Amino acid sequence: MSSIKIKLKEKDIAQIDEICKSFNNEPGELINVLHKVQTTFGYLPAEVQDVVANKLNMSVAKVYGVVTFYSFFTMIPKGRFPISICTGTACYVRGAEKVLDEFKKQLSIKVGESTPDGKFSLNCLRCVGACGLAPVVQVGEKTYGRVSPDLVKDILKNYE
Amino acid sequence: MAQQIKMHLLVCGGTGCRASESDQIQASLEHELKVHGLENEAKVVTTGCFGFCEKGPIVKVIPDNTFYVQVKPGDAREIVEEHVIKGRKVERLLYTDPENKEHVADSKHMGFYRKQIRIALRNCGFIDPENVDEYLARDGYQALGKVLSEMTPEDAIKIIKDSGLRGRGGGGFPTGLKWEITRKSVAEKKYVVCNADEGDPGAFMDRSILEGDPHVVLEAMAICGFAIGADAGLIYIRAEYPLAIKRLKIAIDQARNYGLLGNDILGTGFNFDIELRYGAGAFVCGEETALIHSMEGSRGEPTFKPPFPSVEGYLGKPTNVNNVETFANIPPIINKGSEWFAAIGTARAKGTKVFALAGKINNVGLIEVPMGTTLREVIFEIGGGIKDGKKFKAVQTGGPSGGCLTEKHLDIPIEYDTLIAAGSMMGSGGMIVMDEDDCMVSVAKYYLDFTVEESCGKCSPCRIGNKRLHEILETITKGQGTMEDLSKLKNLSHVIKDTSLCGLGQTSPNPVLSTMENFWDEYISHVVDKKCTSGVCKSLMRYVIIPENCIGCMACARNCPVNCITGERKQVHFIDQDTCIKCGTCLEKCKFNAIAII
């Protein structure tokens, strides 16, 4: 999935250790541990999974299996401004695909990628529950409703 | 002080309205009240979803029930100065009836609310979800008190059985029966699980209940715990629902402080406590066994039933799993009795159902109607018909497991069995309306796209079969499909349905089969005529120049990214179909309506 190689610092390992301990190093708490670790590091690179597996006393394969199973976990760092396009059915029938295409065009990246400067990343998500505002786009915490392809440029301008 | 409060301004704090700055409306209203020294007379309350998301953000004034729509933070001053101080309604913020163009002040006179009966949503939009006292004021925890002090577990189960309540998460299994089976399973530890892993794209009823009325779920889980003999409850909730998680946490803390959760509840000796477990984005985790594996920290893969979770569930112990909306029905049933509940709905489906109405419809929102209401009533009366005066084409119910229903199904009453008979299903209650501009082959492909991504991969029919279905649909939408592909599509769909392990695979071909059944013509026109009549499938579209309108300005030719448009100045241009990539730039640039899509 990812070929990014990173080297963890002592302090990072200590942080992961602390998170695992807060869940009593219980293997059954793996998903909760991964949630916490991802919140701390922004993503779950292989090196981080290695440490988690070690602390919870389980195989790296099991950790990797869980990380790759759930779409909420990512092995690729997100951009400073993560863009998520809702592709739930309500947004889909109201033109989410065209909005997505426009973001791809404007940023010259594909879904799941980040811009080379690390500023934006592009992802799809399924239904944020704001179907009245379809199609919906989230940039970080901010939600934009009734987005049309010609509004995409204006949205991106807010982050210059 | 509280007695002096004469007026309440309810501001919707649901996700949709929040996204339209309802938190700023609340702050502005509070600010204006302060400026006018009215903070002891009127109070601003953030509530859960009112349901009428299309017209959000919504502000409702109590006691006169004035319902303001599409309010902006800048309107706060006028609401306070006109309505709160002078008692005059702000006309321009009232809902306008689309039929007679008159302002409607009270929500119960609006077409959107008139046919609704609210049981599961009864507190959403009425109470502050972060304040347990408001829940208590609306009979909150009364049902729990009643069960603990007056009933045996068997009594409680009997009431739920007699009410005829069936699971609202999709399967429609009788809730009382599930409780009874779990009660009869002998074990030293049992669990109550609330399934709040709402995964259907376009369904947001569970989140609205959790955001608008979190205590109802806690109360119902405690009742269930008493009935089945469990002292531990777990709520499995999507990590993507931060607001719902926040409000649940607040609610659990408040309930513990009031002695409504924890040890010796209400002094009856009954112990019950609730913890949260987070999902991480996997549709299949809505399936009971997958959900349980996920709670145990593993991949959310389903396992074969039996054993059912009622016998062997979380950590191998008997576990009763119910969905959020199912739980939300429990306290009212206990309070008002099983006859009251059974009198609503139809012979085979009792009570109400919440639907998330979305898509090409005028009134997008969350609605609750008695079972047996027809699709026509929902779409045309409550939903206000199709957006922009277009023609109704289909309604998709049941999410990725459901099917597309058409004009001819509009008058069937909505029930579990009637929807299945029509080739769809109730599901969790997503209802997406489509109009003439939607291509049904593409819609089927959209759902398969979803299933392929969400299939857990454990069993091959679902993992490989759905992928093949998706590929065939891709071929058809590209204009390369054959009649043989259509029969393959149908056969494979049946094989997947018959041989998949869990509900996901057993229902995933439904969107394909139902669109083939109801929109066969569209499949044929894609395959035989190589045309997409809705103009959705790019590969089947052709951009052509209308010679009468073309003045030869060259705007299209200059902007075409692949230089496929030829023609001299002031002469009719020509688009080379073999080179055209169908980007639509020429159509955008032409100022003379000289380019058409055929």
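Please refer to the structure higher up on the page.
Treat the numbers as computed from the prediction; the structure is a model and nothing was measured.

J.: Go over the overall build of chain A, please, and point to the residues and values.
T.: In terms of helices and strands, chain A carries seven helices and four strands. Projected onto its principal axes, the C-alpha positions of chain A cover 50 × 30 × 25 Å. A burial count over chain A gives 51% of its 160 residues as buried. At a minimum sequence separation of 6, the contacts of chain A that also span at least 24 residues come to 63%. Taken as a whole, chain A presents about 7,900 Å² of accessible surface, with 51% of it coming from carbon and sulfur. Charge-centre separation for chain A: the mean point of 21 positive side chains lies 4 Å from the mean point of 17 negative side chains.

J.: Break down the nonpolar core for me, with residues and values.
T.: B:Trp179, B:Leu218, B:Ile235 and B:Ile237 are the most contacted members of the largest nonpolar core, which totals 122 residues. Here this core gets 11 residues from one element, more than from any other, and that element is helix H10 (residues 214–228) of chain B. When residues no more than four places from it in sequence are discounted, the contact partners of B:Ile235 are B:Cys194, B:Ala196, B:Leu218, B:Met221, B:Leu248, B:Ile274, B:Glu275, B:Leu276 and B:Arg277. If you look at the next biggest cluster of nonpolar residues, it comprises 46 residues, including A:Tyr70, B:Leu234, B:Cys285 and B:Cys502.

J.: I'd like to hear about the packing of aromatic side chains, residue by residue, with values.
T.: For the coordinates displayed, the defined rule picks out 20 aromatic pairs over all chains. Judged by centre distance (4.8 Å) and plane angle (50 degrees), the rings of A:Phe81 and A:Tyr159 are tilted. Taken together, the positions of A:Phe81 in strand S1 (residues 81–86) and A:Tyr159 in the segment after helix H7 (152–157) put the pair 78 residues apart, joining distant regions of the chain. Among the aromatic side chains, those forming a connected cluster through ring pairs are B:Phe50, B:Phe52, B:Phe67, B:Tyr95, B:Phe112 and B:Tyr113. Across the ring face of B:Phe355, the terminal group of B:Lys353 is positioned such that the distance to the ring centre comes to 5.7 Å. The residue whose ring lies beneath B:Lys490 is B:Trp520, and the NZ or CZ to ring-centre distance is 5.3 Å.

Rules of the game
- Residues numbered from 1 in each chain as written.
- Chains lettered and ligands numbered in written order.
- Predicted model: local features only at pLDDT ≥ 70, side-chain atom pairs only at ≥ 80, totals over all residues.
- Heavy atoms only, no water.
- Helix = DSSP H or I, 4+ residues; strand = E, 2+ residues; numbered from the N terminus.
- Buried < 20%, exposed > 50% of the residue type's maximum accessible area, 1.4 Å probe, protein only.
- Contact = heavy atoms within 4.5 Å.
- Areas by Shrake-Rupley, 256 points an atom, 1.4 Å probe, with all protein chains shown as cover.
- Lys, Arg positive; Asp, Glu negative; His and termini not counted.
- Charge placed at Lys NZ, Arg CZ, Asp CG, Glu CD.
- Core = buried A, V, L, I, M, F, W, Y, C linked by side-chain atoms within 4.5 Å.
- Phe/Tyr/Trp six-rings, centres within 6.5 Å; stacked < 30°, edge-to-face > 60°.
- Lys NZ or Arg CZ within 6 Å of the ring centre and 35° of its normal.

Purely geometric stuff here, so don't read any function into it on its own.
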